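Structure at a glance
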Amino acid sequence: MRNQLKERVAIAGVGCSRFGDLLRTPELKGLTIQELTAHAVREALDDAGLTGQDVDAVFAGNAMVHSSQVPATYSQLSKWTGTQFKAGVHFEAQCSTTNVGAIMAAMAIAAGVYDTVLVYGLETTRTKVKGYSPYEREPISHQQTWLWTDMAVNQAYAVPQGYDIFSTYNGLVAQGYCRKYGISIEDFDRGMYELCRARRLHGSMNPKANTQETLEDRAKRKGYTDPYEYWQSDDNPFVAWPSRLLSLVTTADGASAMVLTRADLAKGAKSQPVEIKGFGVSYSDLPWYGEDPTFWESDKRAVDAAFDMAGIKAADIDYLHTHDCSHISSICTAETIGYLEPGRGLHAAREGRLRFDGDRPMSTHGGRHAFGHAWGASAGSDTYEAVLQMRGQAGARQIPKVPEISVIHTHGYAMIGAVLVLGSM
Amino acid sequence: MNTIQEQPSAIRSYYEALAKGKLLAVTCKACGKHTFPPTGCCEHCGSWDVEEADLSGEATLLFATHNLTPACHPRFESMAPYVYGHLKLKEGPIFQAIILGIEPKPAALRELFERGPVPAKAETLQTDDLPVLAFRIAG
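Residue positions are given per chain, counted from 1 along the sequence in the order it is written. Starting at A for chains and at 1 for ligands, labels are handed out in the order in which the entities are written. Local features in this predicted model are restricted to residues of pLDDT 70 or higher, and side-chain atom pairs are both shown and tallied only at a pLDDT of 80 or more, whereas totals for entire chains, interfaces and linings draw on every residue.

By the naming in an unreviewed UniProt entry, chain B goes by Zn-ribbon domain-containing OB-fold protein and is assigned to Chelativorans composti.

Going by what an unreviewed UniProt entry lists, chain A is known as Thiolase family protein and is assigned to Chelativorans composti.

1. Some thoughts on the overall build of chain B
Rules: Each helix corresponds to a stretch of at least 4 residues labelled H or I by DSSP, and each strand to a stretch of at least 2 residues labelled E; elements are numbered beginning at the N terminus. Here a residue counts as buried when 20 or more other C-beta atoms fall within 10 Å of its C-beta, as exposed when 12 or fewer do, and as partly exposed in between; the C-beta atoms come from the backbone. We call two residues in contact if the C-beta atoms placed from their backbones are at most 7 Å apart.
Looking only at helices and strands, chain B features two helices and eight strands. Its helices and strands taken in sequence order, chain B reads α-β-β-β-β-β-β-α-β-β from the N to the C terminus. Scored against the burial criterion, the 139 residues of chain B give a buried share of 30%. Considering only intrachain contacts with a sequence separation of at least 6, the fraction spanning at least 24 residues in chain B is 46%.

2. Overview of the packing of helix H12 (residues 297-310) of chain A against helix H13 (residues 327-337) of chain A
Residue and element names in this part refer to chain A. Which entries qualify depends on this criterion: Inter-axis angles, ranging from 0 to 180 degrees, are taken between N-to-C directions of lines fitted to C-alpha atoms, where helices are fitted over the stretch in contact. Roughly parallel refers to an angle under 35 degrees, roughly antiparallel to one over 145, roughly perpendicular to one between 65 and 115, and oblique to any angle outside these ranges. Working rule for handedness: look at the near helix, and if it is turned counterclockwise from the far one by less than a right angle, call the crossing left-handed; if clockwise, right-handed. Ten residues, namely Ala, Val, Leu, Ile, Met, Phe, Trp, Tyr, Cys and Pro, are considered nonpolar, four, namely Asp, Glu, Lys and Arg, are considered charged, and the remaining ones, Gly among them, are considered polar.
In the contact formed by H12 and H13, the axes pass within 10 Å of each other and the chain directions differ by 45°. With respect to each other, H12 and H13 are oriented oblique. Where H12 crosses over H13, the handedness of that crossing is right-handed. Within the contact between the two elements, H12 uses Asp299, Lys300 and Val303 and H13 uses Thr333, Thr336 and Ile337. Considered class by class, the residues forming the contact of H12 with H13 number two nonpolar, two polar and two charged.

3. A word on the interface of chain B and chain A
Every contact between the two is made by 30 residues of chain B and, on the other side, 30 residues of chain A. When residues of the side of chain B that touches chain A are traced back to their parent elements, those giving at least two are strand S4 (58-66), strand S5 (83-89), strand S6 (94-100), helix H2 (106-115) and strand S8 (131-137) of chain B. At five residues, the largest contribution of residues to the side of chain B that touches chain A is made by S6 of chain B. Residues belonging to the side of chain B that touches chain A are distributed by class as follows: 21 nonpolar, six polar and three charged.

4. Some words on the UniProt feature "domain: Thiolase N-terminal" (unreviewed entry) in chain A
Formally: UniProt positions are given in the numbering used here, feature names are shortened, and annotations may be inferred rather than shown by experiment.
The positions UniProt marks with the feature "domain: Thiolase N-terminal" (unreviewed entry) are residues 26-189 of chain A. In this annotation, residues 26-189 of chain A is assigned 44% helix and 15% strand; the end-to-end C-alpha distance for the span is 33 Å.

5. Things to note about the sheet that holds strand S2 (residues 34-35) of chain B
All names here are of chain B. Our working definition: At least two DSSP bridges between two strands are needed for those strands to be called paired.
A sheet is described by the order of its strands in space; here three strands give the open sequence S2-S1-S3, paired in antiparallel fashion. Across the chains shown, the open sheet's two edge strands, defined by having one partner strand only, are S2 and strand S3 (50-55). As judged from the two bridges shared by strand S1 (residues 23-28) and S2, these two strands associate in the antiparallel manner. Among the inter-strand pairings, Val26 is bridged to a residue of S2, identified as Thr35.

6. What to know about the nonpolar core
Just so we agree on the cut-off: Nonpolar cores are built from buried Ala, Val, Leu, Ile, Met, Phe, Trp, Tyr and Cys residues. These are joined into a set through C-beta atoms within 7 Å. The split of the chain into domains comes from an automatic or database domain assignment.
Ranked by size, the top nonpolar core spans 166 residues in total, and within it Ala106, Val119, Val259, Leu260 and Phe279 of chain A carry the most contacts. Viewed by domain, this core spans two of them, domain 1 (1-55) and domain 2 (56-139) of chain B, each represented by three or more residues. Residues contacting Leu260 of chain A, with those up to four places away along its chain left out, are Val9, Ala10, Ile11, Ala12, Ala102, Ala105, Ala106, Ile109, Val117 and Val119 of chain A.

7. Let's talk about helix H1 (residues 33-48) of chain A
Residue and element names in this part refer to chain A. Convention followed: Under the convention used throughout, the expected extent of a helix is 1.5 Å for every residue step, that is, one less than its residue count.
For H1, which comprises 16 residues, the first-to-last C-alpha distance of 23 Å matches the rise-based estimate of 22 Å (1.5 Å per residue) to within 8%. Among the residues of H1, those classed as buried are Ile33, Leu36, Thr37, Ala38, His39, Ala40, Val41, Ala44, Leu45, Asp47 and Ala48. Count one or two residues on from H1 and you reach Gly49, which has phi positive near 75°.

8. A word on the sheet that holds S8 of chain B
All names here are of chain B. Taken in spatial order, the five strands close into a barrel running S4-S5-S6-S8-S7, and their pairing is mixed. Mean inter-strand twist for the sheet, computed between neighbouring axes without regard to direction, equals 50°. Here S5 runs beside S6; their pairing, made up of six bridges, is antiparallel. Bridging from a neighbouring strand, Val83 pairs with Ile99 of S6.

9. Examining the UniProt feature "domain: Thiolase C-terminal" (unreviewed entry) in chain A
Annotation from UniProt places "domain: Thiolase C-terminal" (unreviewed entry) at residues 292-420 of chain A. Secondary structure across residues 292-420 of chain A divides into 40% helix and 12% strand, with the first and last C-alpha atoms of the span separated by 25 Å.

10. Let's talk about unusual backbone geometry
All names here are of chain A. Going from Trp241 to Pro242, the amide bond is cis rather than trans, its omega being 5°. Note that Pro242 resides in the loop between strand S7 (238-240) and strand S8 (243-244). Phi at Asn3 takes a positive value of approximately 55°, unusual for a residue other than glycine. Structurally, Asn3 can be placed in the segment before strand S1 (9-16). For Ala72, which is not a glycine, the phi torsion comes out positive at approximately 55°.

11. Quick notes on the domain arrangement of chain B
Residue and element names in this part refer to chain B. Each domain of chain B was delimited in the assignment, giving domain 1 (1-55) and domain 2 (56-139). Centre-to-centre separation of domain 1 and domain 2, based on C-alpha positions: 23 Å. Top contributing element to the side of domain 1 that touches domain 2 by residue count: helix H1 (residues 10-19), with three residues. For the side of domain 1 that touches domain 2, the residue count by class is six nonpolar, two polar and no charged.

12. Considering the environment of Ser204 of chain A
Residue and element names in this part refer to chain A. Along the polypeptide, Ser204 turns up in helix H8 (residues 185-204). By the C-beta count within 10 Å, which is 19 here, Ser204 ends up partly exposed. The sequence separation of Ser204 and Ala105 amounts to 99 residues, and the corresponding C-alpha distance is 33 Å. In this view, Ser204 contacts Gln212, Glu213 and Thr214; residues no more than four positions away in its chain are not counted.

13. Side note on helix H7 (residues 165-181) of chain A
Residues and elements named next belong to chain A. Over its 17 residues, H7 runs 23 Å from end to end, which matches the ideal 24 Å to within 8%, given 1.5 Å per residue. Here H7 lies mainly inside the structure; 14 of its 17 residues are buried. Trailing H7 by a residue or two, Gly182 shows a phi angle of about 65°, which is positive.

14. Thoughts on the packing of H7 of chain A against H13 of chain A
Residues and elements named next belong to chain A. Contact geometry of H7 with H13 gives a least axis separation of 8 Å together with a crossing angle of 50°. For the element pair H7 / H13, the angle class is oblique. In this structure, H7 crosses over H13, and the sense of that crossing is left-handed. Contacts between H7 and H13 involve Tyr169, Asn170, Val173, Ala174 and Tyr177 from the first element and Ile328, Ser329 and Cys332 from the second. Across the contact of H7 with H13, the residue classes break down as six nonpolar, two polar and no charged.

Shown next as structure tokens:
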């Protein structure tokens with residue numbers, strides 16, 4: 001494998017909807033999935049100074065077709081995005097979808113096939129089509145969401161046999177982490193509290209986040225004066241011991257988009273471009289880890305490929321997002337990458353180092369817990385945040401020293417590790 | 001009369017064997033490693049030259065956690081909450097399954113975690129429509 005891009009590729013524009021619930025979140029309530037997607041696409045095209053007719057191809061991502069009911073997304077969305085008669089495909093890599101789309105676009109551009117590609121992702125994990133209505137939606141039950149989502153997980157031997165995401169992704173990884181590094185359950189719990197506090201702080205500073213309430217405010221609303229007392233209470237139960245409810249993913253409806261183009265075309269464009277310096281992808285079926293639940297071979301391979309292509313090492317990273325559907329898994333991945341010292345990730349959270357104003361900023365949009373998780377749209381929301389940070393446009397949550405190298409890692413169920421390395425131009 | 005012969009299926013064979021309390025895997029003739037549960041291909045080296053093998057059902061339970069209700073899958077609604085564990089089988093494969101012999105409560109899970117790895121033995125549960133492979137903590 002040569003693992004090289006033959007031509008430099010840049011992100012020229014990014015867009016992202018608010019994440020939330022199409023039935024009740026401000027800015028989203030009443031929108032159809034077509035309009036939700038168009039909002040994100042329009043923002044990305046406007047950011048790049050282009051229209052849908054200026055792109056050569058469209059890669060349309062959507063994972064859970066059961067709730068969106070827009071397969072053949074490229075054509076069904078074409079008149080909503082101004083992209084009629086373009087080349088296109090509907091694809092999915094579950095929760096890595098949009099960034100795998102960016103990787104496919106980068107390869108197509110570097111190969112000399114297309115100059116400019118629009119990538120977008122849309123997902124509704126909170127609401128589904130109501131009956132046969134073209135515009136009415138209704139809530140999805142917890143069980144239905146996971147039954148549909150888990151269709152991406154081993155359907156021969158795991159899901160039919162009691163597989164449970166909260167156990168596999170949270171509780172077992174947490175225990176592996178504590179045993180490997182000799183961390184007490186009490187220290188683990190405090191570290192997870194601080195990690196949640198940082199992610200919710202970021203969400204509270206992000207007008208597009210699903211959850212914009214700090215952990216402290218939530219505790220107060222629930223009647224607690226001490227937020228850590230709330231954290232340890234039955235109002236924040238163990239969902240997969242020793243992982244608690246507020247360390248988990250928050251489902252969301254949402255859409256994201258980006259415009260990729262040749263780097264030479266991006267220079268002098270409407271907005272400051274960001275270069276795709278490298279990427280890596282590696283997938284695995286269950287089990288995602290061996291005897292040591294903190295080490296995932298697929299992540300390591302994806303990271304190594306991306307760093308090799310980009311010519312960077314861990315010490316070069318200014319901003320990191322790791323997939324944080326499970327907060328403890330996100331720490332393990334950051335340690336595998338080398339951004340955090342092995343076994344010290346939760347300690348870094350307790351010291352405030354993972355906040356936007358710390359020396360190891362992570363998930364400054366709020367991550368999967370606070371920003372929310374709309375499977376096929378989420379990786380694009382991570383890239384959106386990284387681009388804002390690298391342009392100095394992240395507002396109240398702006399990292400003080402504007403990042404020059406950002407790394408975005410996502411887990412696409414179940415499980416595809418995708419890593420993007422972005423660099424300032 | 002239907003004269004079309006049914007083709008062999010590793011998945012069907014696995015569940016039919018499991019219903020009788022047997023654990024089917026495949027062993028690779030090229031690299032000698034096990035693929036469990038079985039497919040038609042070696043998960044380690046990619047060889048198609050595999051043969052059926054029985055596993056002992058003996059395992060070491062490395063970690064065990066629990067879930068909440070409702071279960072993610074309707075088949076397990078009546079069983080949830082249940083304990084779910086990370087195991088190393090005697091023959092080498094790593095596997096995750098429902099764990100029997102312990103309550104799905106934080107205090108019990110913590111006590112087990114503090115004991116460290118414990119031996120466990122395969123046991124077949126019969127649900128309404130499918131046998132389910134679980135492991136019971138020994139002793």
